[in-house]
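Summary of structural features
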Amino acid sequence: MLYRIHLHFVIAICAPILLVLQSGAQHVRFSGNHSVTWQECIENYRAMDGSSENARLTSFGYSDSGKPLHVFIVNTDRVFHPELFDHRKTIVLINNDIHSGEPDGVDASLILLKELLDPKNVLHRLLDNVIVCVIPMYNVDGALIRSDKFRVNQNGPQEYGFRANARNLDLNRDFIKCDSRNARSFVSLFSRMMPHVFVDTHVSNGADYPYTMTLISTQQDKLGGAAGKYLRQIFEPALFDDMKSKGFEMCPYVNTMGRTPESGIVQFMETPRFATGYAALFNTIGFTTETHMLKPFQERVESTYQFLVSLLNFASLNKENIVALRAESEKEIETTFCFPVAYELDTTMKNLIPFSGYKSDIKASEVGTGERLYYDRNSVWNDSVLYYSVYKPCVMADVPEFYVIPQAWGEVIERLRLNGVSMSQFAKDTIMTLSGVYIESFQSATVPYEGHFPHKKIRTKPFEDGVMIFSGDCLVSTKQPSRRFLLQVLEPTNEDSYFAWNFFDSILQQKEWFSDYVFEEIAEKLLKDDSVLKRRFEEQLKSDPSLQSDHWNQLYWIYKNSPYYEKTAYRYPVYHYSNKIN
């Protein structure tokens, strides 16, 4: 496999060049407790655009409040249209300020980019092999509402933005459903750029511990194939080693099994609603940086800066490996016809990782009558904790040759096109024999979540039948780069499918009914003329005591199992098509 072929190559060349970068970098550490405003941030980027022919600040869409979304592109080829990038270089996309109360990446990126663009700075040489793209502030709406009160647990800066956007959406839950203009702009940019590596910068809540930086990597089992192995065995360990050598030791994101780190740490499973989970559907290796909320702002910014330097250095040194992995992953996907689309933690697979923690205990609260958790920062322990990082598939889905999507579902079709999905349209009305599913059962959220009442525990039953197709309805081949994305969003049982996010809820209602006093004669004739239906009805009466005392439901059972019952009720309106069917 590819990751084995290049392992010695990476180890051989990585260490000495890293030493050169560390010793020769002209870097001044971030200081102070002020994070730039949106206006200050964009002015800085405009200044860098004006001073370098290798950089361009451009708008790629709008936020929900109508403000422009910017991307800053650094490319020594001086090509600034993402679809024209030279993919023999490593393309790195950095997204900042998705939660505007977490601005560490905003200030770190400004420092980094000024150094990258300085020909006298040793970091400038990284641009020979890397195209760097930075979204300065993704949640512009939240960034424009500044306060020192939003993140009550956070240690600086003096002011920062609000977590949600103008529609009160958490943008890091919106990448699949694309309710926000931000997300629709982002996925359009992403599909044109197709970065090899993606970074989303954050500040963490949760347990207390000595580390300033923790890291969420794309879940390797979900990324899959050679890319997943390369990430687990080479890319991620190199980042951890390099950060430690610079005095910025990291640990995996502290997603605890219990209340405190001693209980064990579980690797975070980022489904496609999240930034890196979305990116993985397109074979992009993703990282989410999570600096710790209680560390001083200047330490968090510096740690984020150092991580980005480590990542860009690795991306530069290993461009051949990373580019080849993308090609290999795409080939794997082209020849795979059954994919895992949901995963569960394998608690039998675990290992010990070194961890430094603060001693924790429970004591009486000074507020009210309860007890509280506290951490003693004067008492550091160094030990090993269990780390659960293996996920196993729990739902598999077959890849059809084509999907057929009626044009009536325009919101879904729009989202497919924004994500770079190619499709054709039927030229005339026709009836086609298609396969599909009926929604048999599901559970819905009882309170809204991110503007929806998502469905879960979805069960379906298959069918094959003639379906009326109209001129303009869409035929989508799965033989395209968005193959995994299509499977994830269009197979209804998936956790982050478009069905799960309520885009098809109008099918979940029967439209035609009957009047019982009229249907009596029809039901009588149906049972008289259809001996199989009559036998099934009698068996149902025997097996369901509640039906015996409910005459209306007896009529409804007959109606539902008769030719009068509408075929479209609960029929999921995305169909599978194969030339082998007809």
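Residues numbered from 1 in each chain as written. Predicted model: local features only at pLDDT ≥ 70, side-chain atom pairs only at ≥ 80, totals over all residues. Heavy atoms only, no water.

**A few points about the overall build of the protein**
A tally of helices and strands in the protein yields 17 helices and 19 strands. Against the globule reference of 25 Å for 582 residues, the protein gives a C-alpha radius of gyration of 27 Å, in line with a compact fold. For the protein, the spread of C-alpha atoms along the three principal axes comes to 90 × 65 × 50 Å. Each of the 582 residues in the protein was classed as buried or not, and the buried ones make up 56%. As displayed, the protein has an accessible area near 25900 Å², and 51% of this comes from carbon and sulfur atoms. Each charge sign in the protein was given a centre, from 60 positive and 71 negative side chains, and these centres are 2 Å apart. (Helix = DSSP H or I, 4+ residues; strand = E, 2+ residues; numbered from the N terminus. Rg over C-alpha atoms; globule rule 2.2 N^0.38 Å. Buried < 20%, exposed > 50% of the residue type's maximum accessible area, 1.4 Å probe, protein only. Areas by Shrake-Rupley, 256 points an atom, 1.4 Å probe, with all protein chains shown as cover. Lys, Arg positive; Asp, Glu negative; His and termini not counted. Charge placed at Lys NZ, Arg CZ, Asp CG, Glu CD.)

**Focus on the environment of F186**
Mapping F186 onto the fold places it in helix α6 (residues 181-193). If sequence neighbours within four positions are ignored, F186 has contacts with F60, L93, I135, Y138, F175, F198 and Y278. (Contact = heavy atoms within 4.5 Å.)

**Re the pairing of strand β12 (residues 371-388)**
Across 2 bridges, strand β8 (residues 265-266) lies against β12 in parallel orientation. Within β12, the residue paired with V266 across the bridge is Y388. Pairing of strand β11 (residues 351-364) with β12 involves 14 bridges; the strand directions are antiparallel. Note on β12: the bridge partner recorded for I353 is V385. The hairpin turn running from β11 into β12, its antiparallel successor, is 6 residues long, and G368 in that turn takes a positive phi close to 75°. (Pairing = 2+ DSSP bridges.)

**Things to note about the side chain of D200**
By the secondary structure assignment, D200 is in strand β5 (residues 197-204). At 8.0 Å, R173 is the nearest oppositely charged side chain to D200, a buried residue that forms no salt bridge. At 2.9 Å, the side chain of D200 and the side chain of N95 are in polar contact. Discounting chain neighbours no more than four positions away, the residues touching D200 are N95, I98, N172, A275, F287, T288 and T289. (Salt bridge = Lys/Arg side-chain N within 4 Å of Asp/Glu carboxyl O. Polar contact = N/O pair within 3.5 Å; in protein donor to acceptor, adjacent residues only side chain to side chain.)

**Comments concerning the environment of K560**
The topology assignment puts K560 in helix α17 (residues 551-560). Judged by relative accessible area, which is 43%, K560 ranks as partly exposed.

**Regarding the sheet that holds β5**
The strand order across the open sheet built from 8 strands is β1-β2-β4-β3-β5-β9-β6-β7, with neighbouring strands paired in mixed fashion. Edge positions in the sheet fall to β1 (55-62) and β7 (250-252), since each of these pairs with one other strand and no more. Ignoring strand direction, the axes of neighbouring strands in this sheet form an average angle of 25°. By the bridge criterion, 7 bridges tie β1 to strand β2 (residues 68-74) in an arrangement that is antiparallel. Across the sheet, residue Y62 finds its bridge partner in β2, namely P68. (Axes fitted to C-alpha atoms, helices over the stretch in contact; angles between N-to-C directions.)

**Thoughts on the sheet that holds β8**
Across the sheet, which stays open at both edges, the 3 strands sit in the order β8-β12-β11 with mixed pairing between neighbours. The open sheet has two free edges, formed respectively by β8 and β11, since each of these has just one partner strand.

**With respect to the pattern of salt bridges**
Per the stated rule, a full pass over the model turns up 23 salt bridges. Across the salt bridge formed by E102 and R151, the nearest N and O atoms sit 3.0 Å from each other. Here the residue E102 occupies a position in the loop between β3 (90-95) and α4 (104-116), and R151 occupies one in the loop between α5 (140-143) and α6, the gap between them amounting to 49 residues. Per residue, the accessibility class of E102 equals that of R151, and both read buried. Across the pair R273 and D496 runs a salt bridge whose closest N-O atoms are separated by 2.9 Å. Of the two residues, R273 is situated in the loop between β8 and α9 (275-280) and D496 in the loop between α13 (483-490) and α14 (516-529); the sequence distance between them amounts to 223 residues.

**Topic: the packing of α6 against helix α12 (residues 410-418)**
For the pair α6 and α12, interaxial distance at closest approach is 8 Å and the crossing angle is 40°. The angle between the axes of α6 and α12 places the two elements in the oblique class. Counted together, R184, V187, S188 and S191 of α6 and E414, R415 and L418 of α12 form the full contact between these two elements. Grouping the constituent residues of the contact of α6 with α12 by class yields 2 nonpolar, 2 polar and 3 charged. (Parallel < 35°, antiparallel > 145°, perpendicular 65-115°, else oblique. Nonpolar A, V, L, I, M, F, W, Y, C, P; charged D, E, K, R; others polar.)

**Notes on helix α8 (residues 225-245)**
The terminal C-alpha atoms of α8, which comprises 21 residues, lie 30 Å apart, in line with the 30 Å expected from a rise of 1.5 Å per residue. L231 marks the point of greatest bend in α8, at about 45°. The first or second residue beyond α8 is G247, which carries a positive phi of 85°. (Expected span 1.5 Å × (residues − 1). Bend = angle between axes of the 7 residues up to and from the residue.)

**Quick notes on the packing of aromatic side chains**
Summed over all chains, the structure comprises 46 aromatic pairs. Arranged with centres 5.3 Å apart and planes meeting at 55°, the rings of Y278 and F282 form a pair that is tilted. On the accessibility criterion, Y278 (0% relative accessible area) is buried. Taking the centre distance of 6.1 Å and the plane angle of 20° together, the rings of Y449 and W501 count as stacked. Of this pair, Y449 sits in the loop between β16 (430-444) and β17 (455-469) while W501 sits in the loop between α13 and α14, and the two are 52 residues apart along the sequence. (Phe/Tyr/Trp six-rings, centres within 6.5 Å; stacked < 30°, edge-to-face > 60°.)

**Observations regarding unusual backbone geometry**
Looking along the chain, the bond that leaves G156 and enters P157 is cis, with omega of 5°. In this structure, P157 sits in the loop between α5 and α6. For D97, which is not glycine, the phi dihedral falls at a positive 65°. For D97, the position within the fold is in the loop between β3 and α4. Of note, the phi angle at N502 is positive, near 75°, even though the residue is not glycine. Summarising the element assignment, N502 is placed in the loop between α13 and α14.

**Brief notes about helix α15 (residues 531-543)**
Look at α15: 18 Å from first C-alpha to last across 13 residues, which is about the 18 Å you get at 1.5 Å a residue. Between a side-chain oxygen at the N-terminus of α15 and the backbone nitrogen of V532 the separation is 3.2 Å; the capping residue is D530.

**A word on the confidence of the model for the protein**
Of the residues in the protein, 95% reach a pLDDT of 70 or more, and the chain-wide mean stands at 94. The model gives residues 1-25 a pLDDT under 50, and that stretch makes 39 contacts with residues more than four places away or in other chains. (pLDDT = per-residue confidence, 0-100.)

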